[in-house]
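# Commentary on secondary and tertiary structure
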Amino acid sequence: MLQCTAVTEIPVPEALVALLDLEGGPDDPRDAMADDCFLLCELGEHDESVEHAAHLWTAEPHGEQDLWLLWAGTGAHRVYRFATPPPCPAVLCDFRTGAVEPCLFFDRHRPRAHSFSVADPLADLIAPTPDD
Ligand SMILES: [Zn+2]
Ligand SMILES: [Zn+2]
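Predicted model, so just to flag it, every value in this text is computed and none were measured.

## Examining the sheet that holds strand S3 (residues 52-58)
Overall, antiparallel pairing links the three strands, which are arranged S3-S4-S5 in an open sheet. Pairing within the sheet leaves two strands with one partner each, and these edge strands are S3 and strand S5 (79-83). Here the average twist between neighbouring strands, direction ignored, is 20°. Alignment of S3 against strand S4 (residues 66-72), held across six bridges, turns out to be antiparallel. Residue pairing for S4: alanine 54 is matched across the bridge by leucine 69. In the packing of helix H1 (residues 12-21) onto the sheet, the strands contacted are S3, S4 and S5, and the crossing angle to S5 comes to about 15°.

Here you go:
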């Protein structure tokens, strides 16, 4: 499944407040957002019945309280909220190598495609090919 291509601007003041309120959040929330003014929806392609979602912060201890920005609509019609849903319990196991890759999304995410099943064609495009 391809990754959703929605992008949104971080509502900075609200994000700072959400990070300050977050248990296990950054010591200085401004550091967490220094060079990230726009966020890309990380979910697989979905329709408008599903909110876009971008991961903002991984709280310590890991996997306890990740902060997500969820939004719908664009421009003046954008509606957003911050949420700390529990992580998705799915893991991808490679029994040949013993490697385990956890899903990076939150529990009960929609669409159901887990992060390890979502391809990001843009990142693949930007990433250098082995021939470079
Ligand atoms: Zn999306
Ligand atoms: Zn998942």
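Picking up after the structure, the text goes on.
## Quick look at the coordination of the zinc ion (ligand 2)
Protein ligation of the zinc ion (ligand 2) involves Cys88 (SG), Cys103 (SG), His109 (NE2) and His114 (ND1), the donor distances falling in the range 2.0 to 2.3 Å. Here the zinc ion (ligand 2) binds four donor atoms, and the angle range of 99 to 117° at the metal identifies the geometry as tetrahedral.

## Some details on the coordination of the zinc ion (ligand 1)
Around the zinc ion (ligand 1), the protein contributes the donor atoms Cys4 (SG), Cys41 (SG), His46 (NE2) and His52 (ND1), at 2.0 to 2.3 Å from the metal centre. Angles of 95 to 120° at the metal separate the four donor atoms of the zinc ion (ligand 1), which places the site in the tetrahedral class. In the primary sequence, the donor residues of the zinc ion (ligand 1) line up as C-x36-C-x4-H-x5-H. Of this pair, cysteine 4 sits in the segment before strand S1 (7-9) while histidine 46 is found in the loop between strand S2 (38-40) and S3, placing the two residues 42 residues apart along the sequence. Overall, the relative accessible area of 9% leaves cysteine 4 in the buried class. What makes histidine 46 buried here is its relative accessible area of 18%.

## A closer look at the side chain of histidine 114
Here histidine 114 shows up in the loop between strand S7 (99-102) and helix H3 (121-126). A distance of 3.1 Å separates the side chain of histidine 114 from the side chain of histidine 109, its partner in a polar contact. When sequence neighbours within four positions are dropped, the list of residues in contact with histidine 114 reads Cys88, Ala90, Cys103, Phe105 and His109.

Definitions and cut-offs
- Residues numbered from 1 in each chain as written.
- Chains lettered and ligands numbered in written order.
- Predicted model: local features only at pLDDT ≥ 70, side-chain atom pairs only at ≥ 80, totals over all residues.
- Heavy atoms only, no water.
- Pairing = 2+ DSSP bridges.
- Helix = DSSP H or I, 4+ residues; strand = E, 2+ residues; numbered from the N terminus.
- Axes fitted to C-alpha atoms, helices over the stretch in contact; angles between N-to-C directions.
- Contact = heavy atoms within 4.5 Å.
- Donors = N, O, S within 2.8 Å, 3.2 Å for Na, K, Ca; no water.
- Tetrahedral: all angles 85-135°; square planar, octahedral: opposite > 155°, others 65-115°.
- Buried < 20%, exposed > 50% of the residue type's maximum accessible area, 1.4 Å probe, protein only.
- Polar contact = N/O pair within 3.5 Å; in protein donor to acceptor, adjacent residues only side chain to side chain.

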